[in-house]
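Read off the chains here:
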Amino acid sequence: MVRRDKTNYVIQSVSHSLDVLEQFFGEVDELGVTELSKRLKLHKNNVFRLLATLEARGYIEQNKATENYRLGIKCLHLGRRYIHHMGLVRQARPILADVAKKCRESAYVAIVRRDGVVPLEAAEAEDRAVRITPPIGITLPLHCTAAGKAHLAFDAEEQLKSALPESLKRYTDRTIVDRATLLAQLEAVARDGYAVDSGEFIEEVSSIAVPIRDYTRSVVGSVAVAGPTYRIGPERITAEIAPSLLEAGRELSHRLGYNE
């Protein structure tokens, strides 16, 4: 029996519907029919029918004031359901709460998706007037966040590192934009067991992260702490935050079946 490639079974209308939803990734909040038609290279009538179908099911909604379209509440429900069913998140919740309490800073767990790292779940310190709220579900860069560096440094197959361009995007004055310099730093991260971002992605915000492994010994995520840079200095990282995170990373990895 000849096996057919799965692309032979793709339903074009479903594919186009998903293309519509994916146009709202990133910083785009609303789009009109004309703009979507240009982006997708589809006739306006086809785009309107796709939007009407998605709107009827709750995945798209129309802003009556602007007549533009935006993601609907059903997308949020679907995303929350996805996160709820991930074993990593379920196992991470009590550990995140413990880290946030010990370090008195926000803690979060993240995974790699495509070319970035995405926070999935967080716990915040309750006794801090000023605290950092991790952007759940938002893709963050790999090269200038602690969570991203943790994945880069401990990526056994080195696929993430090999995909890094020679010139990296700058976000602040402290961002490392040279690939060779970043790779040298990642060697130190692999040696120390944890990664640090000191205002490299967002000014005056620092983070520390360690890898999470599962029963296959693969890195499946990272657990991180984030807070204002004025509270998170080198001494506190070495004496307090890094040891707590390393312990949390070992515990979470153990819960996922990893044995050192």
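Residues numbered from 1 in each chain as written. Predicted model: local features only at pLDDT ≥ 70, side-chain atom pairs only at ≥ 80, totals over all residues. Heavy atoms only, no water.

Considerations on the confidence of the model for the protein chain
Then, number 1: Residue-level pLDDT values for the protein chain average 89, and 94% of them are 70 or greater.
Then, number 2: Averaged pLDDT values over the elements of the protein chain bottom out at 72 in helix H4 (residues 73-85) and peak at 96 in strand S6 (residues 195-198). (pLDDT = per-residue confidence, 0-100. Helix = DSSP H or I, 4+ residues; strand = E, 2+ residues; numbered from the N terminus.)

Here's the deal with the sheet that holds strand S4 (residues 116-123)
Strand pairing in a sheet takes place through backbone hydrogen bonds and is either antiparallel or parallel in direction.
Then, number 1: As summarised here, the arrangement of the six strands in space is S5-S4-S3-S8-S7-S6, forming an open sheet in which the pairing is antiparallel. Whereas interior strands pair on both sides, the edge strands pair on one side only; in this sheet they are strand S5 (140-141) and S6.
Then, number 2: Pairing geometry for S4 and S5, over two bridges, is antiparallel. Bridge pairing in S5 places glycine 116 opposite proline 141.
Then, number 3: Across the face of the sheet, helix H9 (residues 234-255) comes into contact with S6, strand S7 (205-213) and strand S8 (219-228) while running at roughly 30° to S7. (Pairing = 2+ DSSP bridges. Contact = heavy atoms within 4.5 Å. Axes fitted to C-alpha atoms, helices over the stretch in contact; angles between N-to-C directions.)

Quick notes on the nonpolar core
Then, number 1: Residues Val99 and Leu245 are the most contacted members of the largest nonpolar core, which totals 28 residues.
Then, number 2: Elements with a minimum of two residues in this core: helix H5 (87-103), strand S3 (106-113), S4, S7, S8 and H9.
Then, number 3: Discounting chain neighbours no more than four positions away, the residues touching leucine 245 are Val99, Ile208, Ala209, Val210, Val223, Ala224 and Val225.
Then, number 4: One finds Ala110, Phe154, Val189 and Ala209 within the second-largest nonpolar core, a separate group that totals 23 residues. (Core = buried A, V, L, I, M, F, W, Y, C linked by side-chain atoms within 4.5 Å. Buried < 20%, exposed > 50% of the residue type's maximum accessible area, 1.4 Å probe, protein only.)

Notes on the pattern of salt bridges
Then, number 1: Per the counting criterion, the structure on display carries twelve salt bridges.
Then, number 2: Residues glutamate 35 and arginine 39 are paired through a salt bridge, measuring 3.0 Å at the closest nitrogen-oxygen approach. With glutamate 35 and arginine 39 both in helix H2 (residues 33-40) and four residues apart, this pair spans about one turn of that helix.
Then, number 3: Glutamate 35 sits in the partly exposed class, given a relative accessible area of 34%.
Then, number 4: Judged by its relative accessible area of 35%, arginine 39 is partly exposed.
Then, number 5: The salt bridge involving arginine 236 is made with glutamate 240; its shortest N-O contact spans 3.0 Å. (Salt bridge = Lys/Arg side-chain N within 4 Å of Asp/Glu carboxyl O.)

Focus: a nonpolar patch on the surface
Then, number 1: Together, Ile11, Val14 and Leu18 make up a nonpolar patch on the protein surface, roughly 270 Å² of accessible area in all.
Then, number 2: One can find valine 14 in helix H1 (residues 12-22).
Then, number 3: Its relative accessible area of 43% is what places valine 14 among the partly exposed residues. (Patch = residues over 30% accessible without salt bridge, like charges linked within 9 Å, V, L, I, M, F, W, Y side chains within 5 Å. Areas by Shrake-Rupley, 256 points an atom, 1.4 Å probe, with all protein chains shown as cover.)

Considerations on unusual backbone geometry
Then, number 1: In the Ramachandran plot, arginine 104 falls in the positive-phi region, its phi being about 55° despite a non-glycine side chain.
Then, number 2: By secondary structure assignment, the location of arginine 104 is in the loop between H5 and S3.
Then, number 3: Owing to a relative accessible area of 36%, arginine 104 belongs among the partly exposed residues under this scheme.

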